[in-house]
Amino acid sequence: MQKVVNTHCHIYPNKIASKAVESIGDFYDLAMALDGTIEGLIEDGKKIGTVHYLVHSVATSPKQVKSINEFIADNVKQNPDLFTGFGTLHPDSEDVEADVDYIIELGLKGVKLHPDFQQFALNEERSFKLAEAVDKNNLPMLIHCGDFRYNYSNPTELKELINKFPNLTIIGAHFAGWSIWEKSTAELAGTPNLYVDVSSSLYGISPETAKELIYAYGVDKVLFGTDFPMWDSVSEMERFKKIGLTQEEEYKILYENAAKLLNLI
């Protein structure tokens, strides 16, 4: 079975997981496949040969930042061979630099932002303040990108952030443009410091379009992810296999690119 690194996994404490999953489903008006728990993530991943997971969550208020980051870090410590953790930040935090210092102290390896949930634009000053603190510490940043309903994280906004921080490694989730995939690719493909993941995308575009987007960004810059708990791994792998990539290309996207980026190899 092919080795897989799942680079897009939201996890929640068991006591709030069902509520969190319901909230995400309502936000996107999409049915959620899984339960959002650590146990559910690992059990689902076994079905496709997942050997490592990038786990994270999102703070919707500044007061949540510390507890969420401690939750992620605790689960990484309990599953050190399986999990790499990214911390959360909030644009309205009183001390962003201290939050980033604590992320590093906890052993987390990057930062996850969701501008649409957190209601800030990637090209505003609050975003630049977050990016500056992350960039200063050489951490990668995974960002939810794209939404036809909003202008928080669409390609115009993301491009301004990228131009301002050309050395910041950014992972643009959902081909850097959920629901506006081709528009985002047209504006962002070829950006040196930008990786993208395929999560929450393959259900909405044809295999032929997915291949075009992968080649536009470059096979070395594309990562596999399921957006757990949004989609189950088996269904996502079936969609991925329909793209018709070579074995070498599949290996890079499913495993090697992420393993290099997360320093697993």
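One structure accompanies this document, and this report is about it. (Residues numbered from 1 in each chain as written. Predicted model: local features only at pLDDT ≥ 70, side-chain atom pairs only at ≥ 80, totals over all residues. Heavy atoms only, no water.)

1. Let's talk about the overall build of the protein chain
Phase 1: The helix and strand inventory of the protein chain stands at 12 helices and nine strands.
Phase 2: Taken over C-alpha atoms, the radius of gyration comes to 17 Å for the protein chain, in line with the 18 Å a tight globule of 265 residues would show.
Phase 3: Projected onto its principal axes, the C-alpha positions of the protein chain cover 50 × 40 × 40 Å.
Phase 4: Every one of the 265 residues in the protein chain was classed for burial, and the buried ones make up 59%.
Phase 5: Intrachain contacts of the protein chain at a sequence separation of at least 6 include 77% that bridge at least 24 residues.
Phase 6: When the accessible surface of the protein chain is split by element, carbon and sulfur atoms take 47% of a total near 11200 Å². (Helix = DSSP H or I, 4+ residues; strand = E, 2+ residues; numbered from the N terminus. Rg over C-alpha atoms; globule rule 2.2 N^0.38 Å. Buried < 20%, exposed > 50% of the residue type's maximum accessible area, 1.4 Å probe, protein only. Contact = heavy atoms within 4.5 Å. Areas by Shrake-Rupley, 256 points an atom, 1.4 Å probe, with all protein chains shown as cover.)

2. A closer look at the pairing of strand E8 (residues 194-197)
Phase 1: Of the two faces of E8, the one carrying Leu 194 and Val 196 and the one carrying Tyr 195 and Asp 197 are both buried.
Phase 2: As judged from the three bridges shared by strand E7 (residues 170-172) and E8, these two strands associate in the parallel manner. The residue of E8 that forms the bridge with Ile 170 is Leu 194.
Phase 3: Relative to strand E9 (residues 222-223), E8 runs parallel, the two sharing two bridges. Looking at the pairing, Val 196 lines up with Val 222 of E9.
Phase 4: One crossover worth recording links E8 to the parallel E9 by way of helix H10 (residues 207-217), and it is right-handed. (Pairing = 2+ DSSP bridges. Right-handed = clockwise from strand over helix to strand, strands pointing away.)

3. Things to note about the side chain of Glu 250
Phase 1: Along the chain, Glu 250 falls in helix H12 (residues 247-261).
Phase 2: Accessibility expressed as a relative area gives 8% for Glu 250, which makes it buried.
Phase 3: Setting aside residues up to four positions removed in sequence, Glu 250 forms contacts with Phe 240, Lys 241, Leu 245 and Tyr 255.

4. So, the sheet that holds E7
Phase 1: Spatial ordering of the open sheet is given by E4-E5-E6-E7-E8-E9, a layout of six strands whose pairing is parallel. If you trace the sheet from one side to the other, it starts and ends with strand E4 (87-88) and E9, each paired once.
Phase 2: Sheet topology places E4 next to strand E5 (residues 111-113); two bridges connect them, and they run parallel. Bridge pairing links Thr 88 to Lys 112 in E5.

5. Brief notes about helix H1 (residues 14-28)
Phase 1: Here H1 contains 15 residues, and its C-alpha end-to-end distance of 22 Å stays within 8% of the 21 Å for a straight helix at 1.5 Å per residue.
Phase 2: Three or more residues of H1 are buried, namely Ala 17, Ala 20, Val 21, Ile 24, Gly 25 and Tyr 28. For H1, the angular spread of the buried residues around the axis is 135°, confining them to a single face. The outward face of H1, more than 90 degrees from its buried face, is lined by the exposed residues Lys 15, Ser 18, Lys 19, Glu 22 and Asp 26.
Phase 3: Residues of H1 that are buried make contact with helix H5 (115-118). (Expected span 1.5 Å × (residues − 1). Arc of directions from axis to C-beta.)

6. A closer look at the environment of Leu 223
Phase 1: Following the sequence through the fold, Leu 223 ends up in strand E9.
Phase 2: Taking the C-alpha atoms as reference points, Leu 223 and Gln 2, 221 residues apart in sequence, are found 15 Å from one another.
Phase 3: With residues up to four places along the chain from it excluded, the contact list for Leu 223 reads Thr 7, Ile 171, Tyr 195, Val 196, Asp 197, Val 198, Ile 253, Asn 257, Ala 258 and Leu 261.

7. A few points about unusual backbone geometry
Phase 1: With an omega of 10°, the peptide bond running from Phe 228 to Pro 229 counts as cis.
Phase 2: You can see Pro 229 is positioned in the loop between E9 and helix H11 (233-241).
Phase 3: Of note, Ser 200 is a non-glycine position whose phi angle comes to about 45°, a positive value.
Phase 4: Inspection of the secondary structure assignment puts Ser 200 in the loop between E8 and H10.
Phase 5: On the accessibility criterion, Ser 200 (3% relative accessible area) is buried.

8. Regarding the pattern of salt bridges
Phase 1: Under the definition given, this model contains 11 salt bridges.
Phase 2: Of the charged contacts in the structure, one is a salt bridge between Arg 126 and Asp 92, with a shortest N-O distance of 2.8 Å. Of the two residues, Arg 126 sits in helix H6 (residues 125-136) while Asp 92 sits in the loop between E4 and helix H4 (96-105), which places them 34 residues apart along the sequence.
Phase 3: Using a relative accessible area of 41% as the deciding quantity, one classes Asp 92 as partly exposed.
Phase 4: Between Lys 252 and Asp 220 there is a salt bridge whose closest N-O contact spans 3.0 Å. (Salt bridge = Lys/Arg side-chain N within 4 Å of Asp/Glu carboxyl O.)

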